[in-house]
Amino acid sequence: MSEFTHFNTKGEAVMVDVSDKSDTQREAVASGRIRMSKECYIKVKSEDVQKGDVLGVARIAGIMGAKKTSELIPLCHILNLTKVEVEFICHDETCEIEARCIAKTTGKTGVEMEALTGVNVTLLTIYDMCKALDKGMEINEVYLLRKSGGKSGLWERV
């Protein structure tokens, strides 16, 4: 059973002390989907949304979101990210856009939260840019796909 590390002996929330950990290469990949109406989906794919290039703007927003994770999640460490990448997979049969965010660093703590924050900000940006076309969009299936580095090594969703 894993131990909750964000609490001290008094049960108070604390930032984990990572000063004794070794620097290792760390990478995390998170994924999420947004489902939309067929009309909206076609407009996004054909870059015919009045607000502009939805996926291009969402990609930049996701990268920015990952970089600001420590400002949004109270106990996250400030990380020197060496890479953040957002990619999209279009699922025509379900009118869903899958976003994947990859975050990398060399450091003392992992980048799972950065990848998850990046993918959420990406999907929220798609929603924001398309809400005039489809207020019923659904954001689903946000989760960590893989993480590597650190003491626990490689973890992959099966």
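The rules we used
- Residues numbered from 1 in each chain as written.
- Predicted model: local features only at pLDDT ≥ 70, side-chain atom pairs only at ≥ 80, totals over all residues.
- Heavy atoms only, no water.
- Helix = DSSP H or I, 4+ residues; strand = E, 2+ residues; numbered from the N terminus.
- Buried < 20%, exposed > 50% of the residue type's maximum accessible area, 1.4 Å probe, protein only.
- Contact = heavy atoms within 4.5 Å.
- Areas by Shrake-Rupley, 256 points an atom, 1.4 Å probe, with all protein chains shown as cover.
- Lys, Arg positive; Asp, Glu negative; His and termini not counted.
- Charge placed at Lys NZ, Arg CZ, Asp CG, Glu CD.
- Pairing = 2+ DSSP bridges.
- Axes fitted to C-alpha atoms, helices over the stretch in contact; angles between N-to-C directions.
- Arc of directions from axis to C-beta.

This paragraph deals with the overall build of the protein. Within the protein, the secondary structure is distributed over four helices and five strands. Seen through its C-alpha atoms, the protein measures out along the principal axes to roughly 55 × 30 × 30 Å. Burial status across the protein gives 40% buried among its 158 residues. Partitioning the intrachain contacts of the protein with sequence separation of at least 6 by distance along the chain shows that 69% fall at a separation of at least 24. As presented, the protein carries roughly 9,500 Å² of accessible surface, and 53% of it is formed by carbon and sulfur atoms. For the protein, the separation between the mean place of its 22 positive charges and that of its 24 negative charges on side chains is 1 Å.

Moving on, we come to the pairing of strand S1 (residues 24-35). Across 12 bridges, the pairing between S1 and strand S3 (residues 96-107) is antiparallel. Residue pairing across strands places Ala 28 opposite Ala 103, the latter belonging to S3. As paired strands, S1 and strand S4 (residues 138-148) are joined by eight bridges and run antiparallel to one another. When the sheet's bridge partners are listed, Ile 34 is paired in S4 with Ile 139.

With that settled, the discussion passes to the sheet that holds S4. Reading across the sheet, the five strands line up as S2-S3-S1-S4-S5 and stay open at both edges, with antiparallel pairing between neighbours. In the strand order of this sheet, the two ends are held by strand S2 (83-91) and strand S5 (155-156), each with one partner. Sitting on the sheet, helix H2 (residues 54-67) is in contact with S2 and S3, with an inclination near 140 degrees to S2.

Let's shift gears to helix H1 (residues 38-45). Every buried residue of H1 is accounted for by Cys 40, Tyr 41 and Val 44. Buried residues along H1 cover an arc of 100 degrees about the axis, so they all sit on one side. Close packing links the buried residues of H1 with H2, S2, S3 and helix H4 (112-130). Positive backbone phi, at 55 degrees, marks Glu 47, one or two positions downstream of H1.

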